[in-house]
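This is what each chain is made of:
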Amino acid sequence: SHRVKLFSVARWLCGFFVSVTLAAQAPAPLLGRISFPNSGSQAAQAPFIRGVLLLHSFEYDDARAANDRALAIREAALHSDDVTLARTLEIRASLLQRMGDYRTARPVIERALLIGQRVIPSHPEMAPFVSRAGEQARLEGNLVEARQFSERALRLAEQTLRPDHPEIASYQRLLAIPLAGLGDLAGARRLRERAVGIAEKALGPEHLAVAIQLNDLGLSLLAEGEYARAGTLFERARGIYQRHLGP
């Protein structure tokens, strides 16, 4: 529906603008560096950002066309080992994953990882590529590999981002998914509890990102048999969604 599409775009943009506001209001060491998606090419930036926005509004065919154009411009203009090309590839892999085309997504994210390994093997900017590889592994049912990639992505992000940065909460959330799938329910719950705390502190208790984290924590509590607490969190998350989107 149009409401769902609008919500997805609004959530992504809201998270970005809140992060920028936090960064502008606080000294740099407080939260860490914020990076807006950047294709690394002025000519490619417009179709690149258009593709990102379309991706988050579920307009996958149009997003793919925009990403195709951005990728073609990038590949024609820059060296094959340029890290900004890897960023465009990571967005491409995300799009393919959302479309359910996991087979095509795998070589795309592998190429992004290969570029990163050659250029920035231990740099925090590798974190999104590693995290995307973890998502690929999870979608393919390889939870052990997904956990390994997600753990590495979190470690990379922690090199430059403060422990209370909302992006850290996002990486913790992604790591909790394979942990729960592998049966480490307590480990998943601890990560989700920390992620909720970070999101509430950084973004405020009514932010949509907090609702997502609350829902995940509720799932952990549900799996552990804590039905009353889980129900309380689900109700709180639903309230946040309704206040933003209506009943």
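Residues numbered from 1 in each chain as written. Predicted model: local features only at pLDDT ≥ 70, side-chain atom pairs only at ≥ 80, totals over all residues. Heavy atoms only, no water.

Draft legend 1. The packing of helix H9 (residues 166-181) against helix H10 (residues 185-203), seen in detail. Interhelical geometry of H9 versus H10 gives an angle of 160° and a closest axis separation of 8 Å. On the basis of the axis angle, H9 is roughly antiparallel to H10. By crossing handedness, the relation of H9 to H10 is classed as left-handed. Residues Pro166, Ile168, Ala169, Gln172, Leu175, Ala176, Ile177, Leu179 and Ala180 of H9 form the contact with H10, whose participating residues are Leu185, Gly187, Ala188, Leu191, Arg192, Arg194, Ala195, Ile198, Ala202 and Leu203. Partitioned by chemical class, the residues of the contact of H9 with H10 number 15 nonpolar, two polar and two charged. (Axes fitted to C-alpha atoms, helices over the stretch in contact; angles between N-to-C directions. Helix = DSSP H or I, 4+ residues; strand = E, 2+ residues; numbered from the N terminus. Parallel < 35°, antiparallel > 145°, perpendicular 65-115°, else oblique. Left-handed = near helix turned anticlockwise from the far one by under 90°. Contact = heavy atoms within 4.5 Å. Nonpolar A, V, L, I, M, F, W, Y, C, P; charged D, E, K, R; others polar.)

Draft legend 2. How the structure looks around helix H5 (residues 83-98). Taking 1.5 Å of rise per residue, the 16 residues of H5 would be expected to cover 22 Å, and the 23 Å separating its terminal C-alpha atoms lies within 8% of that figure. Directly beyond the C-terminal end of H5, a positive phi value near 80° is found at Gly100. (Expected span 1.5 Å × (residues − 1).)

Draft legend 3. Inspection of the packing of helix H7 (residues 127-139) against helix H8 (residues 143-158) at higher detail. Contact geometry for H7 and H8: axes closest at 8 Å, N-to-C directions at 165°. Put simply, H7 runs roughly antiparallel to H8. Between H7 and H8 the crossing geometry is left-handed. Residue-level inspection shows Ala127, Val130, Ser131, Ala133, Gly134, Ala137 and Arg138 of H7 in contact with H8, the latter providing Leu143, Glu145, Ala146, Phe149, Arg152, Ala153, Leu156 and Ala157. Of the residues assigned to the contact of H7 with H8, the class counts are ten nonpolar, two polar and three charged.

Draft legend 4. Spatial organisation of the side chain of Gln136. As for its position among the elements, Gln136 is in helix H7. In terms of polar contacts, Gln136 uses its side chain to reach the backbone carbonyl oxygen of Tyr102, at 2.9 Å. Look past the residues within four positions of Gln136 in its chain and what remains in contact with it is Gln97, Tyr102, Ala105, Arg106 and Ile109. (Polar contact = N/O pair within 3.5 Å; in protein donor to acceptor, adjacent residues only side chain to side chain.)

Draft legend 5. Spotlight on empty space enclosed by the protein. With the rule as written, the count across this model stands at one cavity of 30 Å³ or more. Its boundaries defined by the atoms lining it, the largest cavity holds a volume of some 50 Å³. For the lining of the largest cavity, the elements supplying multiple residues, two or more each, are H7 and H9. The biggest single contributor to the lining of the largest cavity is H7, with four residues. Taken together, the residues that form the lining of the largest cavity break down as three nonpolar, three polar and two charged. (1 Å grid on protein atoms, 1.4 Å probe; cavity = no way out; pocket = protein on both sides within 12 Å on 5 of 7 lines; lining within 4 Å. Points joined across faces, edges and corners; volume = space filled by probe spheres on them.)

Draft legend 6. Molecular detail of the pattern of salt bridges. The final tally for this structure, using the stated rule, is 15 salt bridges. Of the charged contacts, one joins Arg132 and Glu90 as a salt bridge, the two residues approaching to 2.9 Å between their closest N and O atoms. Of the two residues, Arg132 sits in helix H7 while Glu90 sits in helix H5, which places them 42 residues apart along the sequence. Under the relative-accessibility criterion, Glu90 is labelled buried at 10%. Here Glu206 ties to Arg243 by a salt bridge, and the two come within 2.7 Å at their closest N and O atoms. Taken together, the residues span a long stretch of sequence, with Glu206 in the loop between H10 and helix H11 (208-223) and Arg243 in helix H12 (residues 227-245) at a distance of 37 residues. Residues joined in a network through salt bridges with shared partners are Arg106, Glu110, Glu140 and Glu145. (Salt bridge = Lys/Arg side-chain N within 4 Å of Asp/Glu carboxyl O. Buried < 20%, exposed > 50% of the residue type's maximum accessible area, 1.4 Å probe, protein only.)

Draft legend 7. How the structure looks around the nonpolar core. By size, the foremost hydrophobic cluster in this structure holds 34 residues, and its most contacted members are Leu89, Met126 and Phe129. Among the secondary structure elements, those contributing two or more residues to this core are H5, helix H6 (102-119), H7, H8, H9 and H10. Among the nonpolar cores identified, the runner-up in size contains twelve residues, and Val210, Ala211, Leu214 and Ala237 belong to it. (Core = buried A, V, L, I, M, F, W, Y, C linked by side-chain atoms within 4.5 Å.)

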